[in-house]
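Geometric and topological summary
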Amino acid sequence: MRGGFRWRPAAVALTAAAAALTAALLPAGAPLTAAPVATATVARTAHRTAPAAPATPVLDGRRLQQAKQRLDAGDPALRHAVRQLRTKADGWLDQGPWTVVDKPGPAPGGDPHDYLSQAPYWWPSKPRTPENPRGCPYVQRDGERNPEVDTGTDHADRGKVFDSVSTLSLAWYYTGRAAYAEHAARILRTWFTDPGTRMNPNLDHAQFIPCKYDGRAIGIIDFSQQFTGVLDATAILDTGAPGWTRADRTAMRGWYRDFLGWLVHSEFGKEEAAADNNHGSFYDMQVAALAVATGDRALARKTVGAARTGRIDAQITADGRQPNELARTRSWHYSTFNLVALTRLADIGRHVGVDLWAYRGPKGASLTGAVDHLLPAATGGRWPYPELDFHAYAASDLVHAAADAGDRRARAALPHLEAPPGGDLWGLRPAAEQLDPIAG
């Protein structure tokens, strides 16, 4: 007789899981009013069809798939994270799309489809007059951001495009709400592929300095610091998102191929590749991710493999310091910033069989050592180097990444981290992002 009642706990568990899923998918604060039959139907659907694992070049698509399955089963931590993700995604639904062609004037070459941005740390040194309307010459003030950067150029809109599509695509993947995917698709088409509004696949006029340069190699970081999130976003949409078509996928891949060609072959690209600080790290990360996204796995392996000596040995000391970043007025920001690039490069390496976390240089340099160097300040201690705007939470994702890679010190530090604004979303997108304000 006891065996005849074994279905009852299973049924109770299924109902509880279904109720948890319903709560996760409802807007924050919405009452749980779904009828039991409808709830059970949601649960059966969720358990019958496993979500696809996206072919993301940075994020681990299998981990996203597993997180979705745990969410569908009612994981409370992921339900909380999804509510935070939905809050962010809902904030984007009434914004955009954006386009490079609506800036007040074209880039110096005269083509409105060219991306234009201004160097963030350069300021006018003279009063503005009719004869000198820009206040030239401009002079550098490291770490002090000129607000002109967000006016008259594409810089601010570019950031909105990258942030919104990353958030919206993840929100669609975890909730299934069509509006998120459809808006992400609209934003991507407008910025990248629609003939009337698309951006040309180059950065010839990024981070120009008024009266000095029409563009600089250093401006490539405008894209490299966040653009790989767009690559992951389109891979997520490729799993069957509403509003995202095969034509969209083909057009975006064409844009990716053209942009990768420009990065590899242009003089600006070659100059940025030679940079020995965070600019070089982010360049490598962007090239490797684009190579994965466009099917050039050989280039991806070569780029990630070369980072062992070219980035880790060259930039990190045996005790984990990053001297080139510590020399900046925002040394904490740039130390975490550079490691975002290197840990994401390690994520790309996993896709192509190169393990950067296991690497130990001849003088003791390692990614683990660099993250461990941040742990005291990340968990409430003092940062002994110059920093204009310290935020302990900037290291949060890096500590998660090192812990996932097997670093015991990082794992022990996790409960003591300062939560980032908007909450800890590591469980939903396990790859490091720059969490404090990015200055340039």
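Think of each chain on its own: its residues are numbered from 1, step by step along the sequence as written. Only residues with pLDDT of 70 or above have their local features reported here, since the model is predicted, and side-chain atom pairs are shown and tallied only from 80 upward, although totals for entire chains, interfaces and linings are computed over all residues. Derived side-chain values reflect all non-hydrogen atoms in the structure, with water molecules and hydrogen atoms excluded from consideration.

Some thoughts on the overall build of the protein chain
Counting its secondary structure elements, the protein chain contains 17 helices and four strands. Each residue is placed in one exposure class: buried if its accessible area under a 1.4 Å probe, protein chains only, is under 20% of its type's maximum, exposed if it is over 50%, and partly exposed if it falls in between. Out of the 440 residues belonging to the protein chain, those deemed buried represent 53%. What makes two residues a contact is simply this: any of their non-hydrogen atoms within 4.5 Å. Across the protein chain, every contact between residues at least 6 apart in sequence was considered, and the portion connecting residues at least 24 apart equals 73%. Only carbon and sulfur atoms are counted for the fraction: they give 55% of the accessible area of the protein chain, which is about 18,700 Å². Numbering goes from the N terminus for both helices and strands, where a helix is a DSSP run of H or I of at least four residues and a strand is a run of E of at least two. Accessibility throughout is a Shrake-Rupley quantity obtained with a 1.4 Å probe, and a residue counts as covered only by protein chains that appear here.

Comments concerning the state of the cysteines
Two cysteine sulfur atoms make up a disulfide if the distance between them is within 2.5 Å. Across all of its chains, the model carries one disulfide by this definition. Residue pairing for C136: its cysteine sulfur links by disulfide to C211, the two sulfurs lying 1.9 Å apart. Across the S-S bond linking C136 and C211, the dihedral sits near 65°, which makes this disulfide right-handed. Of this pair, C136 sits in the loop between β2 (122-124) and β3 (138-140) while C211 sits in the loop between β4 (205-208) and α7 (221-224), and the two are 75 residues apart along the sequence. Taking relative accessible area as the criterion, C211 reaches 59% and is therefore assigned exposed.

Examining the packing of helix α6 (residues 178-193) against helix α8 (residues 227-237)
Axis lines are fitted to C-alpha atoms, over the contacting stretch for helices. Their N-to-C directions set the angle, which ranges from 0 to 180 degrees. At their nearest, the axes of α6 and α8 sit 11 Å apart, and the two run at 125° to each other. By the angle between their directions, the pair α6 and α8 is classed as oblique. Considering only the axes of α6 and α8, their crossing is left-handed. Facing α6, whose interface residues are A181, A184, L188 and F192, α8 presents F227, V230, T234 and L237. The residue makeup of the contact of α6 with α8, split by class, is seven nonpolar, one polar and no charged. Reported orientations rely on four angle classes, namely roughly parallel under 35 degrees, roughly antiparallel over 145, roughly perpendicular from 65 to 115, and oblique for the rest. Here a crossing is taken to be left-handed if its near helix is turned anticlockwise relative to the far helix by less than a right angle, and right-handed if that turn runs clockwise. The classification used treats Ala, Val, Leu, Ile, Met, Phe, Trp, Tyr, Cys and Pro as nonpolar, Asp, Glu, Lys and Arg as charged, and all other residues, Gly among them, as polar.

A look at the layout of surface pockets
By rolling a water-sized probe across the atoms, one finds the places where empty space is left. A pocket here means an open set of points on a 1 Å grid, computed over the protein atoms alone, that has protein on both sides within 12 Å along at least five of seven lines. A cavity is instead a set of points where a 1.4 Å probe fits but cannot get out; residues with an atom within 4 Å of a point line either one. Grid points are joined across faces, edges and corners, and a volume is the space filled by probe spheres set on the points. Roughly 1,000 Å³ of volume is contained in the largest pocket. Taken together, the elements giving at least two residues each to the lining of the largest pocket come down to α4 (76-92), α5 (155-175), α8 and α14 (331-352). The greatest single-element share of the lining of the largest pocket, amounting to eleven residues, is contributed by α5.

Quick notes on the nonpolar core
Among buried residues, the Ala, Val, Leu, Ile, Met, Phe, Trp, Tyr and Cys ones that are joined through side-chain atoms within 4.5 Å form a nonpolar core. Core analysis: the biggest nonpolar cluster contains 108 residues, and Y174, F192, F223 and F227 have the highest contact counts within it. Not counting residues up to four positions away in its chain, the partners in contact with F227 are F162, F192, W255, Y256, F259, Q286 and L290.

Overview of helix α16 (residues 396-404)
With eight of its nine residues buried, α16 lies for the most part within the structure. Three or more residues of α16 are buried, namely S396, D397, L398, V399, H400, A401, A402 and A403. The positive-phi residue at the C-terminal boundary of α16 is G406, with phi of around 105°.

What to know about the pattern of salt bridges
Criterion for a salt bridge: a side-chain nitrogen of Lys or Arg within 4 Å of a carboxyl oxygen of Asp or Glu. One pass over the structure, following the stated rule, counts 20 salt bridges. Note that R189 and D248 form a salt bridge whose closest N and O atoms lie 2.8 Å from each other. With R189 in helix α6 and D248 in helix α9 (residues 246-265), the pair connects residues that are 59 residues apart, well separated along the chain. Using a relative accessible area of 23% as the deciding quantity, one classes R189 as partly exposed. Close ionic contact of D397 with R429 constitutes a salt bridge, the shortest N to O distance being 3.0 Å. One end of the pair, D397, is in helix α16; the other, R429, is in the segment after α17 (408-413), and 32 residues separate them in sequence. Residues D397 and R429 agree in their burial class; the two are buried. Residues joined in a network through salt bridges with shared partners are R128, R134 and E148.

Thoughts on the packing of aromatic side chains
Under the pairing criterion, centres of Phe, Tyr and Trp rings, with the six-membered ring standing for Trp, must be within 6.5 Å; the plane angle then separates stacked pairs below 30 degrees from edge-to-face pairs above 60, leaving the rest tilted. By the definition in use, this model includes 20 aromatic pairs. Each ring, one from W92 and one from W98, has its centre 5.9 Å from the other, and the planes form 85°; the classification is edge-to-face. For the pair W255 and F259, a centre-to-centre distance of 5.1 Å together with 40° between the ring planes defines the contact as tilted. Of this pair, W255 and F259 both sit in helix α9, separated by four residues, roughly a single helical turn. Look at W255 and you get buried, because its relative accessible area is 1%. Among the aromatic residues, those joined into a cluster by ring pairs are Y115, F162, F192, F223, F227, W255, Y256, F259 and W262. Our definition puts a charge over a ring when NZ of Lys or CZ of Arg is within 6 Å of the ring centre and also within 35 degrees of the ring normal. Against the face of Y180 rests R177, its NZ or CZ located 5.0 Å from the ring centre.

So, the confidence of the model for the protein chain
Each residue carries a pLDDT value, the predictor's own confidence for that position, ranging from 0 to 100. With 88% of its residues at a pLDDT of 70 or more, the protein chain has an overall mean of 89. Across residues 1-48, where pLDDT falls below 50, the model places 36 contacts with residues more than four positions away in sequence or in other chains.

With respect to unusual backbone geometry
For the bond from G96 to P97, the omega torsion is 0°, close enough to zero to count as cis. By secondary structure assignment, the location of P97 is in the loop between α4 and β1 (116-118). With omega at 0°, the peptide bond leading from C136 into P137 counts as cis. With respect to the secondary-structure elements, P137 resides in the loop between β2 and β3. Of note, the phi angle at Q207 is positive, near 50°, even though the residue is not glycine. On the accessibility criterion, Q207 (4% relative accessible area) is buried. A positive phi angle, near 65°, is found at C211, a position not held by glycine.

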